[in-house]
Amino acid sequence: MAMAQNQTKKHVTDALFYVLYVAAAILFLAPLLFLFISSLKDETQLISDMTTLKAFVPYGKMSLENYRQVFEKMDFLHYFRNSALNALLQVAMGLLVNGMMGYALGLLEFRGRKFLISLMISLTIIPTEAVVINRFLVAVNLGVVNTLWALALPNLAIPMYIYLFYQHFRGMPKELVEAAVIDGASRWQQFRSITLPMVMYQLKPNLIMQFAGNINNFGAIFFLTGGGPVLKLGTGTDALNLSIATQAGSTDNLITWIYKLTMNSNQYNLASVLSILVFIVLVPFGLYNFMRTKSFKEGEI
């Protein structure tokens, strides 16, 4: 009798968990369903359905016209290039800068090292919005305002990533470094050929997430460049102001372009197309690279 009651209780518990799993899945998939259906509707139908459950229902005149407009009438490749180039610059250069700083704090002994470690840990709690003005001033002093360099250079040294490198370098066997010194390797050779490849084993998933985060980098562009300068085709009086047609400037990326299409011109159908395209690019890229890491293959993450 007691065994039957326990089994019944277990079945009820499992059923409740399955209900919660399904509810969570619906919660996460509903926005994607909304975006996909919205990307197939024309602007008038989409706005009329916006505040009703019809927004999740594929009915009426559905077509790929919105996708055609994005690729034929707007410079999609320009903004995709901005997103990818900005992400690659920040990840590649950030790997070098943050990695070398973590290497120095983790493996080298020098005066003031403990103070710098404490300062680095303290800086991790400061939100990005609190230092955005300082980053803008850095871009001004470097003379790179309204360029992609204004988005990459002030964001290279990230305290959280320095701390991650520091933690990995600190736990590395010092015998390896000592052996490299005996063999005559310079500090740069030690960093490039021995220590960095070892920490990449654990940090590659973080770099993938950092790349995805930088592709979706909204705040830096919104606060530092505003997407400017204006994107034009041609010169002189014959120049065509493409920013009016596309609602985006020359340093905008896909995310800020989506924001401007939505907030400036209420073109929700085109913004939905871009959101779906970002999802299609990022998710397979992230999953493919994440599953190829040694950490994932060996079950450490």
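One can find the structure itself at the top, above this paragraph.
This text gives an overview of the structure that appears in the document.

Each value, and the rule that gives it
Residues numbered from 1 in each chain as written. Predicted model: local features only at pLDDT ≥ 70, side-chain atom pairs only at ≥ 80, totals over all residues. Heavy atoms only, no water. Helix = DSSP H or I, 4+ residues; strand = E, 2+ residues; numbered from the N terminus. Rg over C-alpha atoms; globule rule 2.2 N^0.38 Å. Buried < 20%, exposed > 50% of the residue type's maximum accessible area, 1.4 Å probe, protein only. Contact = heavy atoms within 4.5 Å. Areas by Shrake-Rupley, 256 points an atom, 1.4 Å probe, with all protein chains shown as cover. Lys, Arg positive; Asp, Glu negative; His and termini not counted. Charge placed at Lys NZ, Arg CZ, Asp CG, Glu CD. Salt bridge = Lys/Arg side-chain N within 4 Å of Asp/Glu carboxyl O. Phe/Tyr/Trp six-rings, centres within 6.5 Å; stacked < 30°, edge-to-face > 60°. Polar contact = N/O pair within 3.5 Å; in protein donor to acceptor, adjacent residues only side chain to side chain.

### Concerning the overall build of the protein
- Per the secondary structure count, the protein includes 15 helices and 2 strands.
- Against the globule reference of 19 Å for 301 residues, the protein gives a C-alpha radius of gyration of 25 Å, more extended than a compact globule.
- Taken over the C-alpha atoms alone, the protein extends approximately 90 × 75 × 30 Å along its principal axes.
- The proportion of buried residues among the 301 residues of the protein is 36%.
- For the protein, the share of sequence-separated contacts (at least 6 apart) that also reach a separation of at least 24 residues comes to 67%.
- Only carbon and sulfur atoms are counted for the fraction: they give 68% of the accessible area of the protein, which is about 18,000 Å².
- Between the averaged position of the 22 positive side-chain charges in the protein and that of its 16 negative side-chain charges there is a distance of 5 Å.

### Brief notes about the pattern of salt bridges
- Scanning the model with the defined rule gives 6 salt bridges in all.
- Put simply, K41 and D49 hold a salt bridge, and the shortest N to O gap is 3.1 Å. By the burial criterion, K41 is buried, and D49 matches it.
- In this structure, R68 engages E65 in a salt bridge whose closest nitrogen and oxygen atoms are separated by 2.5 Å. A residue pair is termed a helical-turn pair when its members lie 3 or 4 positions apart in one helix, as R68 and E65 do in helix α3 (residues 65-72) at 3 residues.
- Take R68: its relative accessible area is 32%, and that puts it in the partly exposed class.
- We classify E65 as partly exposed; its relative accessible area is 32%.

### Focus on the packing of aromatic side chains
- Summed over all chains, the structure comprises 15 aromatic pairs.
- On the basis of an interplanar angle of 55 degrees and a centroid distance of 5.0 Å, the ring pair of F71 and F76 is categorised as tilted.
- Looking at F76, the relative accessible area reads 10%, which means it is buried.
- Measuring from centroid to centroid gives 6.2 Å for F165 and F169, while their planes differ by 20 degrees, and the two rings are stacked. Taken together, the residues F165 and F169, both in helix α8 (residues 159-170) and 4 residues apart, mark about one turn of the helix. A single burial state applies to F165 and to F169, both of which are buried.
- Of the aromatic side chains, those joined through ring pairs into one cluster are Y103, F165, F169, W188 and F191.

### Some words on the side chain of R135
- Tracing the sequence through the fold places R135 in helix α6 (residues 132-142).
- With a relative accessible area of 17%, R135 lands in the buried category.
- R135 has contacts with T128, P154, N155, I158 and L224, leaving out every residue within four places of it along the chain.

### Digging into the side chain of D252
- Mapping D252 onto the fold places it in the loop between α12 (242-246) and α13 (254-263).
- Residue class for D252 comes out buried when judged on its relative accessible area of 0%.
- Within the structure, D252 has its side chain in polar contact with the backbone nitrogen of G249 (distance 2.7 Å).
- Filtering out sequence-adjacent residues up to four positions away, D252 remains in contact with Y79, N82, I221, G226, G227 and K260.

### Topic: the environment of L46
- Within the secondary structure layout, L46 lies in helix α2 (residues 43-49).
- Distance in space between the C-alpha atoms of L46 and Q267 is 9.7 Å, their sequence separation being 221 residues.
- If we ignore the near neighbours within four places in the chain, the residues touching L46 are S38, K41, Y268 and N269.

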